[in-house]
Amino acid sequence: TPIDLRGIPNIQHHQIAVLETSHNESNFLKGHYDVGFGLEQHEIYPCHAGCIINTVIGRETDEVGEICVDDMMKMWKRGKELGLRNKPLPKA
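A short tour of the structure in this document, coming up. None of the values given here were measured: they were computed from a predicted structure.

Looking at helix H2 (residues 69-81)
The first and last C-alpha atoms of H2 sit 18 Å apart over 13 residues, in line with the 18 Å expected at 1.5 Å per residue. With its phi angle positive at about 100 degrees, Gly83 sits one or two positions after the end of H2.

Things to note about the side chain of Asn54
Turning to its location among the elements, Asn54 is positioned in helix H1 (residues 46-57). Contacts of Asn54, omitting those with residues within four sequence positions, involve Arg59, Thr61, Glu63 and Met75.

Quick look at the pattern of salt bridges
Pairs can form between side chains of opposite charge once their charged atoms are near each other. In total, this model carries four salt bridges according to the counting rule given. Ionic pairing is found between Arg85 and Glu20, a salt bridge with its closest N-O pair at 3.1 Å. Placement of Arg85 in strand S3 (residues 84-86) and of Glu20 in strand S1 (residues 19-21) is noted, with a sequence separation of 65 residues between them. Given the relative accessible area of 33%, Arg85 is considered partly exposed. For Glu20, a relative accessible area of 19% puts it in the buried group. In this structure, Glu43 engages Lys87 in a salt bridge whose closest nitrogen and oxygen atoms are separated by 3.1 Å. With Glu43 in strand S2 (residues 43-44) and Lys87 in the segment after S3, the pair connects residues that are 44 residues apart, well separated along the chain.

Criteria and thresholds
- Residues numbered from 1 in each chain as written.
- Predicted model: local features only at pLDDT ≥ 70, side-chain atom pairs only at ≥ 80, totals over all residues.
- Heavy atoms only, no water.
- Helix = DSSP H or I, 4+ residues; strand = E, 2+ residues; numbered from the N terminus.
- Expected span 1.5 Å × (residues − 1).
- Contact = heavy atoms within 4.5 Å.
- Salt bridge = Lys/Arg side-chain N within 4 Å of Asp/Glu carboxyl O.
- Buried < 20%, exposed > 50% of the residue type's maximum accessible area, 1.4 Å probe, protein only.

All we've got here are geometric facts, nothing functional implied.
Laid out in structure tokens, this is it:
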């Protein structure tokens, strides 16, 4: 259960590590994906987006083991080509 921060004016919750889909520019990933986690329409967590991208490009790998920065950069490039972008943080 999330912590209820309403009524505590000096604390703000900012959802981080969220991607947005370019729903106006791309047909990839339109709609609600992670509503069970409290995300809005056209928002998805990177781990879920990565699994979908792996499936789309036919990449057979798992998420276990050492981090390969080259692979991360290739996946991020592919995600951007498919219309994904970082969700901007709200202005304070």
